[in-house]
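Secondary and tertiary structure notes
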Amino acid sequence: MTVQRPRFSSPLDTPGFPSHQDLPRCTLREWLAEAPFGLALSSGFFGFFAHAGILTALEDAALFPEHISGSSAGALAGSAWASGVEASTLRDALLGLERADFWDPGPGLGLLRGRLFRERLEGLLAQRRFADCRFSLAVSVFDVWARETRVCDSGPLAPAIQASCAVPLLFHPVWLDGRPHYDGGIFDRHGLLGMRPGRVFYHHLASRSPWRRPGSVALQIPERAEMVTLSIDRLPRLGPFRLRRGRQAFEKAREAMRLALDRPVASAIRV
């Protein structure tokens, strides 16, 4: 399934945050518990450590979505959780990650072949197909030939997740349906293209990438009716040579989510 890029409104009162929405007077915990909601997880270089912290806090509070969408790091963390992997298991897998576990250089359009990444991913997932996940799931990938985002929501899980995480120049492209695909965050940094209508809780990983233009819409938090966004200040920068900082990112995000649950619900919550 292929969809178009979302439209973004300009931020109003607070730079980088959406304008005020009419939301009920309650805590985020109460808002999430009162009715079904979707969970959206943004892309962000090695941001799955922070996403895992968010998922851990939600699971500890017994707050589960009915639908998950995400791109890149958000696709990896969200898909694992949707497949039935407990947040604690995901945490342990990520905190035990070493560069040698996915570092497989080889000739091609990117540094890494991606075979070790795929093996690691398949060993983690509790289910093999979208249809067997406990929450419905949508993963954004970038179709190189069409130059647009494609949302995967059926078929095998692992190839779609691998494609969504295939950062250009770092990984070889991943072939789906006979077509090359790269990181879903290229055009859908927010991981929202696969989100269904209705109430949404969105974890936004603020980008400090030198590749993004100042003022780019990819750096802004998009406006959407019935969406509550959590953004966490000063998460550590991560990468294949900074994996040890993953624990700090996980713990900071978990604690921020725990604090946010007892704050008044708002269109944007910053911790």
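This text goes with the structure placed above it.
**Points about the overall build of the protein chain**
- Regarding its fold elements, the protein chain presents seven helices and nine strands.
- Across the 271 residues in the protein chain, those meeting the buried criterion constitute 54%.
- In the protein chain, once contacts between residues fewer than 6 apart in sequence are set aside, the share between residues at least 24 apart is 74%.

**A look at helix H2 (residues 48-60)**
- Along its 13 residues, H2 runs 18 Å from first to last C-alpha, staying within 8% of the 18 Å computed at 1.5 Å per residue.
- With eleven of its 13 residues buried, H2 lies for the most part within the structure.
- Looking one or two residues past H2, Ala62 carries a phi angle of roughly 55°, positive in sign.

**Section: the packing of H2 against helix H7 (residues 246-261)**
- Between H2 and H7, the shortest axis-to-axis distance is 7 Å and the interhelical angle comes to 40°. Considering their axes alone, H2 and H7 lie oblique with respect to each other. Handedness of the H2/H7 crossing: right-handed. Each of Phe49, Ala50, Ala52, Gly53, Ile54, Thr56, Ala57, Leu58 and Asp60 in H2 lies in contact with H7, whose residues at this interface are Gly246, Ala249, Phe250, Ala253, Arg254, Met257, Arg258 and Leu261.

**A short note on the packing of aromatic side chains**
- As enumerated under the stated definition, the model contains twelve aromatic pairs in all.
- Taking 5.4 Å as the distance between ring centres and 55° as the angle between the ring planes, the aromatic pair formed by Phe46 and Phe48 counts as tilted. The burial state of Phe46 is the same as that of Phe48; both residues are buried.
- Among the aromatic residues, ring-to-ring pairing joins Phe45, Phe46, Phe48, Phe49, Phe102, Trp103 and Phe241 into one connected group.
- Positioned over the ring face of Trp103 is Arg99, at 5.9 Å from the centre of the ring.
- Over the ring of Trp31 we find Arg199, and its NZ or CZ is 4.1 Å from the ring centre.

**Considering the packing of helix H5 (residues 115-124) against helix H6 (residues 157-164)**
- Contact geometry for H5 and H6: axes closest at 10 Å, N-to-C directions at 130°. In terms of orientation, H5 lies oblique with respect to H6. At the point where H5 passes H6, the crossing takes the right-handed sense. Between H5, through Phe117, Arg118, Leu121 and Glu122, and H6, the contact on the second element is made entirely by Ala158, Pro159, Ile161 and Gln162.

**Side note on the side chain of His204**
- Tracing the sequence through the fold places His204 in strand S7 (residues 200-204).
- For His204, a relative accessible area of 4% puts it in the buried group.
- With near-sequence residues (within four places) excluded, His204 lies in contact with Ser42, Arg189, His190, Leu219, Gln220, Ile221, Thr229, Leu230, Ser231 and Ile232.

**Comments concerning the nonpolar core**
- Grouped together as the largest cluster of nonpolar side chains are 74 residues, with contacts concentrated most on Leu28, Leu32, Phe48, Leu90, Phe201 and Met257.
- At eight residues, the largest contribution of residues to this core is made by H2.
- Filtering out sequence-adjacent residues up to four positions away, Phe48 remains in contact with Ala73, Leu76, Ala77, Leu94 and Leu97.

Scoring rules and cut-offs
Residues numbered from 1 in each chain as written. Predicted model: local features only at pLDDT ≥ 70, side-chain atom pairs only at ≥ 80, totals over all residues. Heavy atoms only, no water. Helix = DSSP H or I, 4+ residues; strand = E, 2+ residues; numbered from the N terminus. Buried < 20%, exposed > 50% of the residue type's maximum accessible area, 1.4 Å probe, protein only. Contact = heavy atoms within 4.5 Å. Expected span 1.5 Å × (residues − 1). Axes fitted to C-alpha atoms, helices over the stretch in contact; angles between N-to-C directions. Parallel < 35°, antiparallel > 145°, perpendicular 65-115°, else oblique. Left-handed = near helix turned anticlockwise from the far one by under 90°. Phe/Tyr/Trp six-rings, centres within 6.5 Å; stacked < 30°, edge-to-face > 60°. Lys NZ or Arg CZ within 6 Å of the ring centre and 35° of its normal. Core = buried A, V, L, I, M, F, W, Y, C linked by side-chain atoms within 4.5 Å.

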